[in-house]
Amino acid sequence: MEYAISLILVAVSAALINNFVLHYFVGICPFLGVSKRVDMAFGMGCAVTFVISVAALLSWMFTFYILRPGAPLATWVYQAMGGTGDSDLSILNYIVYIFVIASSVQFVEMYVRKFFPALYKSFGVFLPLITTNCAILFACLEIMKNVSGAAEPWDLGTSLTLAIFGGVGFTIAIVIMAGIREELDLCDVPKHLRGAGITLIVAGILALAFMGFTGVDAGLSNVLAPAQAAEVLPVTRGPFAVKTVTIISENSAPEAIIEVSAEVK
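What you see is a predicted model; the values in this text were computed from it and never measured.

Each value, and the rule that gives it
Residues numbered from 1 in each chain as written. Predicted model: local features only at pLDDT ≥ 70, side-chain atom pairs only at ≥ 80, totals over all residues. Heavy atoms only, no water. Helix = DSSP H or I, 4+ residues; strand = E, 2+ residues; numbered from the N terminus. Buried < 20%, exposed > 50% of the residue type's maximum accessible area, 1.4 Å probe, protein only. Contact = heavy atoms within 4.5 Å. 1 Å grid on protein atoms, 1.4 Å probe; cavity = no way out; pocket = protein on both sides within 12 Å on 5 of 7 lines; lining within 4 Å. Points joined across faces, edges and corners; volume = space filled by probe spheres on them.

## Let's talk about the side chain of Thr161
Mapped onto the secondary structure, Thr161 falls in helix α8 (residues 156-184). Overall, Thr161 belongs to the buried group, its relative accessible area being 12%. Beyond its immediate stretch of four places on either side in the chain, Thr161 contacts Leu7, Val10, Ala11 and Gly166.

What follows is the structure, given as C-alpha cells:
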C-alpha cells in the first residue's frame, strides 16, 4: 500500500506540481515550436512520452547494473578481469543517456514516417530535435540522482512512473498552449507582441497557473494514508500564526496534544 501511494505521489508531482516544462523550464524548444495546432501538439506530446519512457527504462537498467558505483554487472566483469574493489563507471552517464535518447528518437521517427506521413511532415525538423529535448535528459538525470548514491535507490517502477507522467505533464502543457494559440489567431494582438512575444507571455501565465497545484501532494498523502501521518502545517501569516508543528503517527501516544500558539498581533 505504501509503495502504491508513493507511486501516486510521484505521478501527480511529475505531471502537475513539478511539471517539466512549466516548473523546471526544460523542453521549451518543442513546447514553443510545435504548439501552433492542437493535433500536432498532441502528436508531439505522445512521441515525447514514448521516447522518455523508453529512455527511462534503458537508463535505469544501465545505471543500476553497469554505471553506478558498485554496480553488480560492471563489478563482476571488473573483478573477473583481475581488478579489486568495486567499479565506478558513472563518468559515462551523459554519453550513455544521449546514446539511448538518440536511438529511441530514431525508432520513433521511422515509425511515424512509415505509418503517419502527414504527421511526420507537420513535425518537420522538430521530430529529430527530440534528441536534444532536455526534458528527456532531465528525466534520465533525475533517475540517476535517485539511483546512484541514494540511501534508498529508486526501483524500476518509480523511475518509469516519473518518466511516463513527466511525458503526460509535457503533453498537457503543450496541448493547453496549442489551444490558447489557436484562439490567439482570432484575437487582435498588438503588433509588437505577435509571435514569440505573446507566446512567452502565455507560457509565463500558464506557469503561474500550475503553481496552484502546490501542496496537492501533501493533501493526497493525508487522504490516502491518514493513519500513518497527519501534519499540522504552520501558518506564518494572518491572525492565527502557529509556531509549532506536530506530526501524529499511528504510534503516537493517546495523550498527544497539538500545540498552537496564541494569536500574533
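## Quick look at the layout of surface pockets
Taken as a whole, the largest pocket holds about 240 Å³ of empty space. What lines the largest pocket is a set of 13 residues, among which Val10, Ser13, Asn18, Trp154 and Leu162 lie closest to the centre. At the level of secondary structure, the elements contributing two or more residues to the lining of the largest pocket comprise α1 (2-17), α7 (134-147) and α8. The element contributing the most residues to the lining of the largest pocket is α1, with five residues.

## Digging into the environment of Pro69
By secondary structure assignment, the location of Pro69 is in the loop between α3 (38-67) and α4 (72-80). You can call Pro69 partly exposed: its relative accessible area is 44%. Here the alpha-carbon distance between Pro69 and Ser87, two residues 18 residues apart in the chain, equals 5.9 Å. Among residues more than four places away in sequence, those in contact with Pro69 are Ser87, Asp88 and Ser148.

On their own, these measurements won't tell you what the molecule is for.
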